[in-house]
Amino acid sequence: MIDIDVELDRAGLTNPHVREYVASWAEITQPDRIEVVSIADDARLLEESLAADEIQPAGEGLYYSRSHPKDTARSEERTIVATADPADAGAYDNWHPSDEMKPMLVERMRGASRGKTMYVVPYLMAPPGSPLERYAAGVELTDHRTVVLHMIRMARVGVEHVNDLADPTMFVRGVHVTGDLENLGQGTPDDQRYFVTVADERTILHYGSSYGGNALLGKIAHGLRQAAYDGWRSGEFLAEQFMLIGITDRETGRKYHVCGGFPSASGKTNLAMMLPPDSLGDRYHVEFFGDDIAWLRVDPTDGRIYAINPEFGVFGVAKDTNEFTNPTALAAVAPGTGTLFTNVAYNDETHEVWWEGRTPEPPTELGGWRDWKGRLISERGDGGRDEPWAHPNSRFTVTLAKVPNIADEYEDPKGVPIDAIIFGGRTRDREPLVRAITDIAEGVYDGLTLGAEATFAAEGVEGQLRYDPMSMRPFMSYAEGAYAAHWLDVIGRATDTPIFAHVNWFQRDPEDGHYLWPGYRDNLRPLLWLLQLRNGEVSGTQTPVGIVPKREELDLDGVAISDADLETILTIDIGRWRQEIEHREEHLEGLPGLPDAIWQAHRRVAAALDD
Ligand code: GTP
Ligand code: MN
Ligand code: MN
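Computed from a prediction, not measured in an experiment: that's the story for all the values here.

A. Focus on the coordination of the manganese ion (ligand 2). The protein atoms that coordinate the manganese ion (ligand 2) are Gln241 (OE1) and Asp292 (OD), at distances of 2.1 Å. Accessibility expressed as a relative area gives 12% for Asp292, which makes it buried.

B. Structural context of helix H16 (residues 596-610). Taking 1.5 Å per residue as the helical rise, H16 with its 15 residues ought to reach 21 Å, and the 21 Å between its terminal C-alpha atoms agrees with that figure. Buried residues in H16 make contact with helix H11 (440-448), helix H12 (480-493) and helix H15 (574-589).

C. Quick look at the pattern of salt bridges. Applying the stated criterion across every chain, the model contains 53 salt bridges. A salt bridge links Asp292 to Lys268; its shortest N-O distance comes to 3.8 Å. Remark: Lys268 occurs in helix H9 (residues 268-272) and Asp292 occurs in the loop between strand E15 (284-290) and strand E16 (294-298); sequence separation between them is 24 residues. Asp496 is paired through a salt bridge with Arg534; the nearest N and O atoms lie 3.5 Å apart. On the criterion of sequence distance, the pair formed by Asp496 in the loop between H12 and strand E29 (499-503) and Arg534 in helix H13 (residues 524-534) is long-range, its members being 38 residues apart. The class of Asp496 is partly exposed, set by a relative accessible area of 30%. A relative accessible area of 26% means that Arg534 is categorised as partly exposed. One network of salt bridges, in which partners are shared, links Glu35, Asp41, Arg44, Glu48, Glu54 and Arg145.

D. Layout of the sheet that holds strand E22 (residues 369-370). The strand order E21-E20-E22 describes an open sheet built from 3 strands, whose pairing is antiparallel. Strands at the two margins of the open sheet, each flanked by one partner only, are strand E21 (353-354) and E22. Alignment of strand E20 (residues 345-347) against E21, held across 2 bridges, turns out to be antiparallel. Within the sheet, the bridge partner assigned to Ala345 lies in E21 and is Trp354.

E. Just the confidence of the model for the chain, in detail. Scored by pLDDT, the chain has a mean of 94; 97% of the residues are at 70 or more. At the level of chain-chain contacts, confidence expressed as ipTM amounts to 0.99, with global pTM at 0.96.

F. Expanded view of the packing of H15 against H16. Between H15 and H16, whose axes approach to 10 Å, the crossing angle comes to 155 degrees. Taken together, the axes of H15 and H16 lie roughly antiparallel to each other. Handedness of the H15/H16 crossing: left-handed. Taken together, the residues of H16 that come into contact with H15 (itself represented by Ile574, Trp577, Arg578, Ile581, Arg584, Glu585, Leu588 and Glu589) are Trp599, His602, Val605, Ala606, Leu609 and Asp610. The class makeup of the residues in the contact of H15 with H16 is 8 nonpolar, 1 polar and 5 charged.

G. Focus on the packing of H11 against H16. Running from N to C, H11 and H16 point in directions that differ by 85 degrees, and their axes come no closer than 9 Å. In this view, H11 runs roughly perpendicular relative to H16, as classed from their interaxial angle. Contacts between H11 and H16 involve Ala441, Glu442, Val444, Tyr445 and Leu448 from the first element and Ala597, Ile598, Ala601, His602, Arg604 and Val605 from the second. A per-class count over the contact of H11 with H16 returns 8 nonpolar, 1 polar and 2 charged.

H. Main features of the packing of aromatic side chains. A full pass over the atoms with the stated rule returns 18 aromatic pairs. Relative to Trp389, the ring of Trp354 lies with its centre 5.2 Å away and its plane at 65 degrees, an arrangement referred to as edge-to-face. In this pair, Trp354 is assigned in strand E21 and Trp389 in the loop between E22 and strand E23 (395-399), connecting sequence segments 35 residues apart. With relative accessibility at 1%, the residue Trp389 sits in the buried group. Taken together through their ring pairs, the aromatic side chains of Tyr229, Trp232, Tyr478 and Tyr483 make up a single cluster. The ring of Trp577 has Arg430 lying over it, and the distance from NZ or CZ to the ring centre is 4.7 Å.

Reading the values: the criteria
- Residues numbered from 1 in each chain as written.
- Chains lettered and ligands numbered in written order.
- Predicted model: local features only at pLDDT ≥ 70, side-chain atom pairs only at ≥ 80, totals over all residues.
- Heavy atoms only, no water.
- Donors = N, O, S within 2.8 Å, 3.2 Å for Na, K, Ca; no water.
- Buried < 20%, exposed > 50% of the residue type's maximum accessible area, 1.4 Å probe, protein only.
- Helix = DSSP H or I, 4+ residues; strand = E, 2+ residues; numbered from the N terminus.
- Expected span 1.5 Å × (residues − 1).
- Contact = heavy atoms within 4.5 Å.
- Salt bridge = Lys/Arg side-chain N within 4 Å of Asp/Glu carboxyl O.
- Pairing = 2+ DSSP bridges.
- pLDDT = per-residue confidence, 0-100.
- Axes fitted to C-alpha atoms, helices over the stretch in contact; angles between N-to-C directions.
- Parallel < 35°, antiparallel > 145°, perpendicular 65-115°, else oblique.
- Left-handed = near helix turned anticlockwise from the far one by under 90°.
- Nonpolar A, V, L, I, M, F, W, Y, C, P; charged D, E, K, R; others polar.
- Phe/Tyr/Trp six-rings, centres within 6.5 Å; stacked < 30°, edge-to-face > 60°.
- Lys NZ or Arg CZ within 6 Å of the ring centre and 35° of its normal.

Here's what the structure looks like:
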């Protein structure tokens, strides 16, 4: 048996409850070594990982890692929220009793770390000093060094975040065991993987993956699932898959903050890193606060909603990132930034990386290039033309501080006051460019009925249309009816309410499939209109589903869009919306405990469409 105390003492990990927890899990997983890590260990861990060939160099201060080919995305099927209360059963899809799940996970994890190191990763999912700090501390135990490198970039990591807790027992207990990735039956009826959040015990047990979305327990499992549950139980806050940005108007000196949910791979990171279009760049500045998670609370002093980004880094989609779509992201992953690339294509000889959409055509010199599975492109038999080089869910991981447009006050513990909450998905028809909603219940109703095409960030669902409440579908940890009620409660407590809006950058031409709106940098334009509407500077046109901009109210200077396409994205297709209302009716009926206010909002919209 290894001497755990020696290592915990060396690392200065003094919280007795954390020590006890580490020891109890070491007894189950039986690692050969144990190591407590902090951000100061990054350089050494990188060296060790390079030496062990777990990662490869990708330029100065850049790194490349390839995951197991069977392990490239979140698995929603295998994700479970467990509690002790049988009343939670049936509240939503993936609930199981905790007394059934815990023994199953312990069984799978027993002895699974033999021959390996158990890394102890103490972390904080909040800027230090935040009013929500008590929900932010956690300790992840993992048997995978690359996961540690990711955690150091994505969360604030170090023993200081768990040693002096106001309540020393109040930390999320996360255990990550990779398992034998070759033999887990991924995607078969005999799938061995389990990703379980035991929400009422604040315990996360993940077995069978080392992919970021499954293995970085601070991010999705704690930052979203557990935090959503904690926010509901305490009544204090909302934890959402939201981006968070600041927009400064240099002419008036005013500063606005906008947050909002788009489902995975639908443009949150792009929006947060936005460079304003050239014609607006002198006047407006967009600042990055967060691109994937926001925690929202009401501040009692001024009655406004404040948001923080609990994360410390960006885990961004690589595909289609280039000088035009996201120059900010390219600068964030430039040499010297410590970026870790996962599952992009890699050149053994030159140490370059490439992904689809990085340049219009792949590199022409095939020598040294390997695809994300590690196959030499030159030996693939298709000359590199048929199959993608990078996995569509390939990612880059880099700390917030390296993002060029990071806001100066991104670590302000108080967070920033929210002016607008937006929802948006990949919807090929029906949803206009933007429609604003001023009523709280109608805004929450709109979020609940966010419909989107599912994407490659999750296994096996690409292209499917489904409802994705506030973009939280994969991260919901309690029943949707209660979730709606909690939203109404928190937002209803604010005395200065944000404006809501639904946006859509993805409407397509039914004939040739082109995107009607050019998107990316131009997405600032509908956001500016929304803020002007909130300020009473424009009035828009009232429709049954919200207020849409009058054409002349949008600043369209230099936008490449035809009159016909513009007309389409600013028009409500009443017939199509009536159909949608029927789908919604059916969907909402399946949600027990949905507040009356949401039903009333639904009926108001339905009635307006019938007028
Ligand atoms: P997660 O990190 O998985 O939660 O997703 P995300 O919402 O951060 O998605 P991201 O910003 O990485 O966007 C994913 C994809 O959407 C990329 O392929 C982008 O190129 C594409 N995209 C983003 N913004 C736009 C846009 O305005 N128009 C179009 N057509 N595509 C966009
Ligand atoms: Mn996400
Ligand atoms: Mn993202």
